[in-house]
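Residues per chain, in single letters:
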Amino acid sequence: EAPYLFIHMNGALDLLLRCLSNIDEEVLYAACCALFCLISRSPPARLLFLRKRGIGQLLDCVHDYNTAIVTTSLQILCLLAAENSAAREEMRREDVLLGVLRIVERFPAEDVTLAVLDAALEAVCHIVLDSPSNQEYVRTNGGMQPVVAALAHCAATQSKAEQDQRHNVRWDLTAPEG
């Protein structure tokens, strides 16, 4: 598989992992995007990423203030957690699950947009999937309340927007010309 050879022969994954700790936002975002593409297309790259303890390095990206970096990082976590139970357990041990729950808890905020919330909730779903220990972790660390509050806020905002739209409908009762 070409992507696997690329990362193994040229050390591309090591380079991407080093870029995850770069302070330049453009470099960091580009590294997250490249990593997302690589991990989404190459199962061997996912395994190598996990072997190199990449989840811990990705955690810094989850705490960034740039919403594009956070969203992409959360999407990478979703890919890793979706297929690998060991990755889900590591995400709990490395406090990634707790970090994602704290993102949900801060919604709505300037750095926690609807796109970030969507990615965070998806990440929580994947991380707790088929993992009773992670499910228990969410329950015992108060993780359900922020999820419920965020969903309630979204529902109330949607309902308010629909009401506003109905009240702004203008009725044109004039006879058509012609």
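Parameters and conventions
Residues numbered from 1 in each chain as written. Predicted model: local features only at pLDDT ≥ 70, side-chain atom pairs only at ≥ 80, totals over all residues. Heavy atoms only, no water. Helix = DSSP H or I, 4+ residues; strand = E, 2+ residues; numbered from the N terminus. Contact = heavy atoms within 4.5 Å. Core = buried A, V, L, I, M, F, W, Y, C linked by side-chain atoms within 4.5 Å. Buried < 20%, exposed > 50% of the residue type's maximum accessible area, 1.4 Å probe, protein only. Arc of directions from axis to C-beta. Lys, Arg positive; Asp, Glu negative; His and termini not counted. Salt bridge = Lys/Arg side-chain N within 4 Å of Asp/Glu carboxyl O. Axes fitted to C-alpha atoms, helices over the stretch in contact; angles between N-to-C directions. Left-handed = near helix turned anticlockwise from the far one by under 90°.

Attention shifts here to the overall build of the chain. Per the secondary structure count, the chain includes eleven helices and zero strands. Ordering the α and β elements of the chain from the N terminus gives α-α-α-α-α-α-α-α-α-α-α. Nonlocal contacts in the chain, meaning residues at least 24 apart in sequence, comprise 68% of its contacts between residues at least 6 apart.

Grouped together as the largest cluster of nonpolar side chains are 51 residues, with contacts concentrated most on Leu-20, Leu-35, Phe-49, Leu-74 and Met-91. With nine residues, the top contributor of residues to this core is helix α9 (residues 114-128). With residues near it in sequence (within four places) discarded, Phe-49 still touches Leu-13, Leu-17, Leu-35, Ile-39, Gly-54, Ile-55, Leu-58 and Leu-80.

Here we come to the environment of Cys-33. By secondary structure assignment, the location of Cys-33 is in helix α3 (residues 25-41). Using a relative accessible area of 25% as the deciding quantity, one classes Cys-33 as partly exposed. Along the backbone, Cys-33 and Thr-72 are 39 residues apart, and their C-alpha atoms lie at a distance of 6.7 Å.

It helps to recall that an α-helix has 3.6 residues per turn; residues three or four apart then point in one direction. Those residues of helix α10 (residues 132-140) that fall on the buried side of the exposure criterion are Asn-134, Tyr-137 and Val-138. One side of α10 holds all its buried residues, which, seen down the axis, span an arc of 95°. Exposed positions of α10 whose direction lies more than 90 degrees from the buried face are Pro-132, Arg-139 and Thr-140.

With respect to the helices and strands, Arg-88 occurs in helix α7 (residues 85-93). Asp-130 provides the closest opposite charge to the buried, unpaired Arg-88, separated from it by 4.9 Å. With near-sequence residues (within four places) excluded, Arg-88 lies in contact with Ala-81, Ala-82, Glu-83, His-126, Ile-127, Leu-129, Asp-130 and Asn-134.

It is at 8 Å that the axes of helix α5 (residues 54-62) and helix α6 (residues 67-83) come closest, and there the two elements cross at 150°. The way α5 lies across α6 gives a crossing that is left-handed. On α6, the residues that touch Ile-55, Leu-58, Cys-61 and Val-62 of α5 are Ile-69, Val-70, Ser-73, Leu-74, Ile-76, Leu-77 and Leu-80.

This paragraph deals with the pattern of salt bridges. Between side chains of opposite charge, a pair can form when the charged atoms approach closely. The final tally for this structure, using the stated rule, is eight salt bridges. Its salt-bridge partner being Glu-94, residue Arg-53 comes within 2.8 Å of it at the nearest N-O pair. Of this pair, Arg-53 sits in the loop between α4 (43-51) and α5 while Glu-94 sits in the loop between α7 and α8 (96-106), and the two are 41 residues apart along the sequence. When its relative accessible area of 45% is taken as the criterion, Arg-53 is described as partly exposed.

Below, the discussion takes up unusual backbone geometry. Of all residues except glycine, most have a negative phi; of all peptide bonds, most are trans. The residue after Phe-107, namely Pro-108, is reached through a cis peptide bond having omega -5°. On the secondary structure map, Pro-108 appears in the loop between α8 and α9. Phi angles above zero are rare outside glycine, and Asp-95 is one such case at about 65°. When you line up the elements, Asp-95 lands in the loop between α7 and α8. Relative accessible area serves as the criterion here: at 41%, Asp-95 is assigned to the partly exposed category. Notably, Asp-130 is not glycine yet its phi reads approximately 50°, a positive angle.

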